[in-house]
Amino acid sequence: MAERLQSTKRLKEYMTAYYIDAKTAESSNKKVGWITSGGPVEFLIAMDIIPVYPENHGAMVGATHQGGMLCEFAEKRGFSKDVCSYARSDIGGLLSDDPSKKGPIGGLPNPDMLICCNNICGTVMKWYETVSRYLDVPLYIIDTPVIHTGPIPEEVIDYVAAQFKGYIEFLEKVTKKHLDMDRLFEVSLIANENVTIWNKVLRKCANKPAPMTAFDAFTHMAPIVTLRGTQGVTDYYKALIEELDERTSQGIGAIDNEQYRLLWDNIPVWHKMRDLSTFFANHNAALVADTYTNAWASTNITTEGEKDILSAYAKAYTPIYLNIGIDKMIDVIKGIADIFDIDGLVLHSNHSCKPYSVGQYDIARRFHDETGKPSVIIEGDMTDERSWAQEQVTTRLEAFMEMLEANV
Amino acid sequence: MTLFAGIDIGSVATKLIILDSNPDKDKNIMYSQVVPSSHDPEQTAKNLLEKGIETLGEEPAKILATGYGRHIADFSTTTATEITCHARGIFFLYSAECTVIDIGGQDSKAISISKKGKVTDFVMNDKCAAGTGRFLEVMASALGVDPPGLNNLALNAKNNIKISSTCTVFAESEVISLISKKTPKEDIALGVIASIASRVASMTSRLNIIEPVFMTGGVCQAASVVTAMEDALGRNIKVPKDPQLIGAFGAAIIASEDKN
């Protein structure tokens, strides 16, 4: 396998600095807002509020194998094992009164406000309501109707844009500051640049061999998710692109002998990243693309032809990958498969994430019927390592690789 | 004589087939044996293989291990999953585009095989034990019989009883409650078997089912399971001779064809 990307070290420094800022926000007179991963963060950036993502924290919890332990705190208080493990581990961390058992960074910085956008799932609303009650902080919910088929209807744009107006009023009330709309416009342009360059990073894997894999993308997605709307994100990805281009110019791939190019669907199994990455590398298979990190490569806020900037936001944030129908999802997957020239599809049926996992059998079948390419479904959970059966997963993945080897 | 061994180390039973593969492609089964996997499947597999070698007086040129214990068989030349091996075994015997359903001790699978004998798609049961041989073992034990005894009871059932829970633990308590209500054990046994059949049939239906449909694995030695599967799928099912050995047979065939 290729050496670790040099950028990984910079990423660690970058994210550490960000979390230190967030944890010391009070001393620098800044407010902290917790926000869902698909939420419009640009408004917070424009108002100099530090955004914090419990879902990013959930990924860290999973990667450090603390998911089961933190989930148990929530389960002891009555949360079902069927509730999303990001929600359970986040709430569990809040409920834990043992400072050594609050998560990998000793718990998240306390929020001054919560912003919840249900474009990624319905669970976030109950999760954020729970946190709001528990920590006694104000919550603003943005409701984005699912766009099953066709373009986003005008009335939906108006409905969501009206909520963005309320969002601004909410932020102004909590911070006692005024939002400068010119500043929001400026941040939007930076966010667009961020999204565009992130898309370029991902597209680098269209090269053969791919200079990085989806496992790298899962790690390097942190800035586009957490710091979207800031110049640092663009700078960070520029350097990453240079590194990837350097690999490609030397013919170096992320794995040694890339024979199979695969597409990953769903949130990663954070607690099995290394094992899965080694498994695929040992089978000469590179996960060259995924639907998850790709979701942050498409939220362009285009004001052109829109009534106003809030309508542009409504249009960018409503029809995101998890807020569309299965037909549209299949189109996205087929589009990615085409760009990256993939040989097969690996779907993680994620016990935690219902909106991502419902429909995967239909997606796999349609994908096979329409492209002739095979797929495999493995069952697991993004954060909760207790929902994992190693032998079952190994057998499925090995059988899938045997099937690919026999048919290619 | 050039010998090739396929050993299928399952959660319940370990199966061995040793083939003599001639250059003219005739393949003769020289040795076949099934033993319980026991608490030490690695040693069981080693002993089984040694016995086979001793009987034939010759070492196999290649050994392919399959089944859940394939990775612990350090004596094997190579490994393959049960999915590939069951598919190879069936295709070698029937040379047809088909569907194979394998119900084993701790999992069940449905496999689509192309005209050329390649696996084109497969599905497996989810993590829970319902839909596996283990489910039947637990229910047999609740009824005070062994798995063949469960089959015998089911063959003499007079009424259809529905076991509604798919969870093994809850289904067991449902069985116990039926026993306490004096429901005939024969009817309960059939209910148990219909339950696993409907579970496996709905899993199989996720594939584009192409006939003929075959069943392999230890569980389909029970005639009542095959009948229940035919009812649940609404299709005829063919069962090869010695269905439990098909995985080991396919493994031995693959070993004999391996060019490395």
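Residues numbered from 1 in each chain as written. Chains lettered and ligands numbered in written order. Predicted model: local features only at pLDDT ≥ 70, side-chain atom pairs only at ≥ 80, totals over all residues.

1. A closer look at the overall build of chain B
Along its length, chain B carries 8 helices and 10 strands. In terms of C-alpha radius of gyration, chain B reaches 19 Å, essentially the compact-globule figure of 18 Å for 260 residues. Taking all 260 residues of chain B together, 52% fall into the buried category. Look at the contacts in chain B between residues 6 or more apart in sequence, and 68% of them connect residues 24 or more apart. (Helix = DSSP H or I, 4+ residues; strand = E, 2+ residues; numbered from the N terminus. Rg over C-alpha atoms; globule rule 2.2 N^0.38 Å. Buried ≥ 20, exposed ≤ 12 C-beta atoms within 10 Å, placed from the backbone. Contact = placed C-beta atoms within 7 Å.)

2. Some words on the overall build of chain A
Scanning chain A from terminus to terminus reveals 18 helices and 8 strands. Against the compact-globule benchmark of 22 Å for 408 residues, chain A has a radius of gyration of 21 Å, which places it among compact chains. Overall, chain A is about 65 × 50 × 40 Å in size when its C-alpha atoms are taken along their principal axes. Expressed as a percentage of the 408 residues in chain A, the buried residues total 50%. Here the analysis covers contacts within chain A between residues at least 6 apart in sequence; of these, 77% occur between residues at least 24 apart.

3. Focus: the sheet that holds strand E8 (residues 375-380) of chain A
All names here are of chain A. Spatially, the 4 strands line up as an open sheet ordered E6-E5-E7-E8, and their pairing is parallel. A single partner strand is all that each edge strand has here, and the edge strands are strand E6 (285-290) and E8. Neighbour-to-neighbour, the strand axes of the sheet open up by a mean angle of 30 degrees, direction not taken into account. When strand E7 (residues 344-350) meets E8, the two strands line up parallel, connected through 6 bridges. (Pairing = 2+ DSSP bridges. Axes fitted to C-alpha atoms, helices over the stretch in contact; angles between N-to-C directions.)

4. Description of the packing of helix H3 (residues 54-63) of chain A against helix H5 (residues 85-95) of chain A
Residue and element names in this part refer to chain A. Packing of H3 against H5 brings their axes to within 9 Å, and their N-to-C directions diverge by 90 degrees. Taken together, the axes of H3 and H5 are roughly perpendicular relative to one another. In contact with Pro 54, Glu 55, His 57, Gly 58 and Val 61 of H3, H5 contributes Tyr 86, Ser 89 and Asp 90. Broken down by class, the residue content of the contact of H3 with H5 amounts to 3 nonpolar, 3 polar and 2 charged. (Parallel < 35°, antiparallel > 145°, perpendicular 65-115°, else oblique. Nonpolar A, V, L, I, M, F, W, Y, C, P; charged D, E, K, R; others polar.)

5. Here we look at the nonpolar core
Within the largest apolar cluster, 204 residues are counted, with the highest numbers of intra-cluster contacts made by A:Leu262, A:Leu263, B:Ala5, B:Ile7, B:Val192, B:Ile193 and B:Ala252. Considering each element in turn, this core owes the most residues, 10 residues, to helix H6 (residues 185-204) of chain B. (Core = buried A, V, L, I, M, F, W, Y, C linked by C-beta atoms within 7 Å.)

6. As for the environment of B:Ser173
Residues and elements named next belong to chain B. Residue position: Ser 173 is located in helix H5 (residues 168-180). Residue classification places Ser 173 among the exposed residues on the basis of 12 C-beta atoms within 10 Å. Put simply, Ser 173 and Thr 204 are 31 residues apart on the chain and 27 Å apart in space, counted from C-alpha to C-alpha.

7. Focus on the environment of B:Leu64
Residue and element names in this part refer to chain B. You can see Leu 64 is positioned in strand E4 (residues 62-66). Separated by 58 residues in sequence, Leu 64 and Gly 6 have C-alpha atoms that sit 5.0 Å apart. If near-sequence neighbours (up to four positions away) are discounted, Leu 64 is found in contact with Gly 6, Ser 76, Thr 77, Thr 78, Thr 79, Ala 80, Ala 251, Ala 252, Ile 254 and Ala 255.

8. Describing the sheet that holds strand E3 (residues 113-117) of chain A
Residues and elements named next belong to chain A. Read across the sheet, 4 strands follow the order E2-E1-E3-E4 without closing on themselves; strand pairing throughout is parallel. Each of the sheet's edge strands pairs with one partner strand only, and the pair in question is strand E2 (50-52) and strand E4 (139-142). When strand polarity is set aside, the average angle formed by the axes of neighbouring strands in this sheet is 25 degrees. Where strand E1 (residues 32-35) and E3 come together, 3 bridges link them in parallel fashion. Residue pairing for E3: Trp 34 is matched across the bridge by Leu 114.

9. Quick look at the interface of chain B and chain A
Interfaces are often sized by the amount of accessible area the parts lose when they come together. Opposite the 15 residues of chain B that make contact, chain A presents 15 residues. Looking at the side of chain B that touches chain A, the element that brings in the most residues is strand E8 (residues 119-124) of chain B, giving 5 residues. Classifying every residue of the side of chain B that touches chain A gives 6 nonpolar, 3 polar and 6 charged.

10. Some details on the pairing of strand E6 (residues 98-103) of chain B
Residues and elements named next belong to chain B. The buried count for E6 comes to 6 of 6 residues, which makes it a mostly enclosed element. Alternating residues of E6 divide into Cys 98, Val 100 and Asp 102 and Thr 99, Ile 101 and Ile 103, and every residue in both groups is buried. With 6 bridges joining them, E6 and strand E7 (residues 108-113) adopt antiparallel strand pairing. Directly across from Ile 103, in E7, lies its bridge partner Ser 108. Hairpin connection of E6 to E7: 4 residues between the antiparallel strands. Note that E6 and strand E9 (residues 213-216) share 4 bridges and pair parallel. When the bridges of E9 are listed, Thr 99 appears paired with Val 213.

11. Thoughts on helix H7 (residues 154-175) of chain A
Residue and element names in this part refer to chain A. Taking 1.5 Å as the rise per residue, H7 with 22 residues should run 32 Å; its terminal C-alpha atoms sit 32 Å apart, in good agreement. When H7 is considered as a whole, its buried residues turn out to be Ile 157, Val 160, Ala 161, Phe 164, Tyr 167 and Leu 171. All buried residues of H7 project into a common sector of 105 degrees when viewed along the axis, lining one side. For H7, the exposed residues set more than 90 degrees away from the buried face come down to Glu 155, Lys 165, Gly 166, Glu 169 and Lys 173. Against the buried residues of H7 lie helix H2 (42-46), E4 and helix H14 (309-317). Residue Lys 176 follows H7 closely and has a positive phi angle near 60 degrees. (Expected span 1.5 Å × (residues − 1). Arc of directions from axis to C-beta.)

12. Topic: the pairing of E4(A)
Residues and elements named next belong to chain A. Only one face of E4 is buried: it carries Tyr 140 and Ile 142, and the other face, with Leu 139 and Ile 141, is open. Note that E3 and E4 share 4 bridges and pair parallel. Looking at the pairing, Ile 115 lines up with Tyr 140 of E4. Viewed along the sheet, the connection from E3 through helix H6 (residues 123-135) into E4 turns out right-handed. (Right-handed = clockwise from strand over helix to strand, strands pointing away.)

13. Some words on the packing of H7(A) against H14(A)
Residue and element names in this part refer to chain A. Contact pair H7 / H14: the axes reach a minimum separation of 8 Å and the direction vectors enclose 115 degrees. Read as a crossing pair, H7 and H14 show a hand that is right-handed. Only Leu 310, Ser 311, Tyr 313, Ala 314 and Lys 315 of H14 make contact with H7, whose side of the interface consists of Ile 157, Val 160, Ala 161, Phe 164 and Lys 165. (Left-handed = near helix turned anticlockwise from the far one by under 90°.)

14. Details of the environment of A:Cys353
Residues and elements named next belong to chain A. The residue Cys 353 is located in the loop between E7 and helix H16 (354-357) in this model. As a C-alpha pair, Cys 353 and Thr 123 span 230 residues in sequence and 9.1 Å in three-dimensional space. Setting aside residues up to four positions removed in sequence, Cys 353 forms contacts with Cys 84, Asn 266, Ile 267 and Met 382.

15. Observations concerning the confidence of the model for chain B
Residues of chain B with pLDDT of at least 70 account for 98%, and the chain-wide mean is 92. The complex model carries a pTM of 0.91, and its ipTM stands at 0.86. (pLDDT = per-residue confidence, 0-100.)

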